[in-house]
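The lines below spell out each chain.
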Amino acid sequence: MDRKDLQETSNNLPDKTTSKNASTNSLDTDSKSSSIGSKHGNETGSSKDTPFTYLEGEEDQDQKNDVTYVCPYRGPAYGALTITNYRLYFRSLPLRDHEPPVVVDIPLGVIARVEKIGGASSRGENSYGIEIFCKDMRNLRFAHKQQNHSRRTVFEKLQSYAFPLSYSGKLFAFAHAAAIGSSAAGENGWNVYEPLAELRRLGVPNDMWRATKINENYTVCDSYPAVWAVPKQASDDFLRRVAQFRSRCRLPVLSWMHPRSQATITRCSQPLVGVGGKRSADDEQYLNYIMEANAQSDKLAIMDARPSANAIANKAKGGGYESEEAYKNVEIHFLDIHNIHVMRESLRKVKEVCYPTIDDSKWLSSIDNSLWLKHIKCILAGAVRIVDKVETMSTSVVVHCSDGWDRTAQLTALAMLLLDPYYRTLRGLEVLIEKEWLSFGHKFQQRIGHGDNRHSDADRSPVFLQFIDCVWQVSQQYPNAFEFNEHFLITIIDHLYSCRFGTFLGNTEYDRVQEDLKHKTISLWTYINSSVDQYLNPLYPSFTQGAQTVLRPIASMRIVKIWKGLYCRWNPSMRPQNKIYNRTRELLTMQEQLVKQVTEKRLKANMRQTTQAASRLASPMH
């Protein structure tokens, strides 16, 4: 935040009200998460002034006026700490009149763990207090005075409201939706994705593919959606038999179909081959059905996301991969993308590089040693290989990893984004996330750890974060191909953690149906679609011919780069001077004015031509 912004913040302290238009941005302060303000609702009365805008359903839980925030950039800042059931808010008390305050404002869902530092015998300034480790690259430290025991209640409130599921509580999304009730304005984001409508857009049903509701009650596969698209030749009983030979019963179902060639992308989990090399005639026949549904090719490409050594090792656990001897007309490719544990460790190293201090002399080597960009490159390269098979070779592709809900989702979603311009629109990306990630059972609850305090859980991993990073990488290579901007992607990541919306809660579609999240929480897309202007890309050619149909990004270590706007945004030395989202709005306004001027001039030119033609017709010479 620049000095002018900080001064404005210090001079404008709103009452405890809920504003219709309040929406702060992730780049505004040293420690402020994006889109914290509310967009709906009525005023909630309060007898005291508070320096931030409360959301509907947000209530104070604890306040302390003698806390010190140990800021890694400005040094210790003395001030007041407020904890609600949604956020932690700290505001310093400036020592001089014109000194801007230090502000920390984070949703409690962002917190990964809370630890006490120092004890009763601690000596030295700021050696006794609490350290907070966040999921969004930050660590925050607050010092307390030992004599008034203020640390105890702060620690207890943070534990119970940051990790409500570990204390038999509920996530804030439920209280937020209950407080808003039926007053939420705008379109219901839960209706953004409608499976049958999306299948119709892809051309299903047709001669070769059909929709089935065999899994309507989630009995065939509890981690798959209720609606599938499958080859027409495969009966429902046949599908049940095929499911038994795939890990977690996740048999191959359609993700995307090429509008001209009918080449398809289908997704599944690994076959249960095992050490003994088991076979399933039904599974082999089923893959043949998928191949035959595409008349353009007599081959089927299987893209196994794993390194080949890992796929072989999985045989010892009863899994494995399709052998080219058993599966006729099949070619298998290993894409060398590592597992969730490797990715988690890689992101930990990125955090060490980006926060709190950055060592210029070791910046490049440290980023390289994290291997993060190498992993991003491998995912991009895998998606490009799928695109090449489908678009250039007109060959259908089956994609899987081990269970088919992590690396598989990365590859199918990214390949679909590259192949289909619809998914590069704002609404299209929402549909893509709903379809390939949410409905097909990416385990958001376990991967992110919403509301639970098991920070060392081996199931935690930044799989979805990597996908959004890949989308950003492609947008850097094709800046005019996307309707949305970087702020849209960062807002998705911020609310992946915030627990304010129900979109990313639960592990599967079945979980969300059981919890009735559609009626008990608000969708993130409701929030975003009610103010799309701030998420639009001014370079997107909305008033000319559409963006390039198929994108083929260069998946090279020479091209991929660290996303500083996300990973380094809390470090003031890495923050851009001008707020990008404000500049974007200015450019969109200018674009709208220019388009209006062009339209008006064309109308005037057409009117002149019409008048001249009429006068010539009226002339006696004609």
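Quantities reported herein were computed from a predicted structural model and do not represent experimental measurements.

> Which residues make up the side chain of serine 394, and what values go with them?
With respect to the helices, strands and loops of the structure, serine 394 is situated in the loop between helix H10 (372-392) and strand E15 (396-400). Once residues within four sequence positions are removed from consideration, serine 394 is found in contact with Ser261, Ala263, Asn294, Gln296, Ser297 and Lys389.

> With reference to specific residues and values, describe the UniProt feature "active site" (unreviewed entry) in the protein.
If you check UniProt for "active site" (unreviewed entry), the listed places come out as Cys401 in our numbering. The buried category is assigned to cysteine 401, whose relative accessible area is 3%.

> Run through the packing of helix H12 (residues 426-439) against helix H14 (residues 463-477), naming residues and quoting values.
Where H12 meets H14, the closest approach of the two axes is 13 Å, and the angle between their N-to-C directions is 145 degrees. Viewed along their axes, H12 and H14 form a crossing whose handedness is right-handed. Counting all contacts with H12, which are made through Leu429, Leu432, Ile433 and Trp437, the residues of H14 involved are Val463, Phe464, Phe467 and Ile468. Of the residues belonging to the contact of H12 with H14, the class tally is eight nonpolar, no polar and no charged.

> Would you mind going over the nonpolar core in detail, with residue names and values included?
Membership of the largest hydrophobic core comes to 119 residues, with the highest contact counts inside it found for Ile433, Phe467 and Tyr567. Considering every element that reaches this core, the biggest residue donor is H10, with 10 residues. Not counting residues up to four positions away in its chain, the partners in contact with tyrosine 567 are Met137, Leu347, Val350, Cys354, Trp372, Leu465, Asp469 and Ile562. Ranked by size, the runner-up nonpolar core spans 41 residues in total, among them Cys221, Ala243, Tyr286 and Ile332.

> Residues and numbers for the packing of aromatic side chains, please.
A full pass over the atoms with the stated rule returns 28 aromatic pairs. Seen in terms of ring centroids, phenylalanine 52 and tyrosine 54 are 4.4 Å apart; in terms of plane orientation they differ by 15 degrees. Their pairing is stacked. Summarising the burial analysis for this pair, phenylalanine 52 and tyrosine 54 share the class buried. Relative to phenylalanine 467, the ring of phenylalanine 464 has its centre 6.1 Å away and its plane inclined at 40 degrees; by these criteria the two rings are tilted. Of the two residues, phenylalanine 464 and phenylalanine 467 both sit in helix H14, three residues apart, roughly one turn of that helix. The buried category is assigned to phenylalanine 464, whose relative accessible area is 1%. On the accessibility criterion, phenylalanine 467 (0% relative accessible area) is buried.

> How would you explain unusual backbone geometry if you had to name every residue and give the values?
With an omega of 10 degrees, the peptide bond running from valine 204 to proline 205 counts as cis. Structurally, the position occupied by proline 205 is in the loop between helix H4 (195-202) and strand E9 (209-212). A positive phi angle, close to 60 degrees, is found at asparagine 126, a residue other than glycine. One non-glycine residue, aspartate 516, lies in the positive phi region at around 55 degrees. For aspartate 516, the location among the structural elements is in the loop between helix H16 (509-514) and helix H17 (517-520).

> Please give an account of the side chain of aspartate 494 that cites residues and values.
If you trace the backbone, aspartate 494 turns up in helix H15 (residues 486-498). Polar side-chain contacts of aspartate 494 include one of 2.7 Å to the side chain of arginine 569.

> With reference to specific residues and values, describe the sheet that holds strand E11 (residues 253-257).
Taken together, five strands build an open sheet; the order of strands is E11-E12-E15-E13-E14 and the sheet is mixed. The open sheet has two edge strands with one neighbour each: E11 and strand E14 (330-334). Across the sheet, the mean angle separating the axes of adjacent strands is 25 degrees when strand polarity is ignored. As paired elements, strand E13 (residues 300-304) and E15 share five bridges and run parallel to each other. For isoleucine 302, the partnering residue across the bridge sits in E15 and is valine 398.

> Please set out helix H8 (residues 340-354) residue by residue, giving values where relevant.
Here H8 contains 15 residues, and its C-alpha end-to-end distance of 21 Å stays within 8% of the 21 Å for a straight helix at 1.5 Å per residue. Among the residues making up H8, those that are buried are Ile340, Met343, Ser346, Leu347, Val350, Lys351, Val353 and Cys354. Taken around the axis of H8, the buried residues stretch over an arc of 160 degrees, which confines them to a single face. Looking at where H8 begins, the residue whose side-chain oxygen comes 3.1 Å from the main-chain nitrogen of histidine 341 is asparagine 339.

Parameters at a glance
Residues numbered from 1 in each chain as written. Predicted model: local features only at pLDDT ≥ 70, side-chain atom pairs only at ≥ 80, totals over all residues. Heavy atoms only, no water. Helix = DSSP H or I, 4+ residues; strand = E, 2+ residues; numbered from the N terminus. Contact = heavy atoms within 4.5 Å. UniProt positions renumbered as here; feature names shortened; annotations may be inferred. Buried < 20%, exposed > 50% of the residue type's maximum accessible area, 1.4 Å probe, protein only. Axes fitted to C-alpha atoms, helices over the stretch in contact; angles between N-to-C directions. Left-handed = near helix turned anticlockwise from the far one by under 90°. Nonpolar A, V, L, I, M, F, W, Y, C, P; charged D, E, K, R; others polar. Core = buried A, V, L, I, M, F, W, Y, C linked by side-chain atoms within 4.5 Å. Phe/Tyr/Trp six-rings, centres within 6.5 Å; stacked < 30°, edge-to-face > 60°. Polar contact = N/O pair within 3.5 Å; in protein donor to acceptor, adjacent residues only side chain to side chain. Pairing = 2+ DSSP bridges. Expected span 1.5 Å × (residues − 1). Arc of directions from axis to C-beta.

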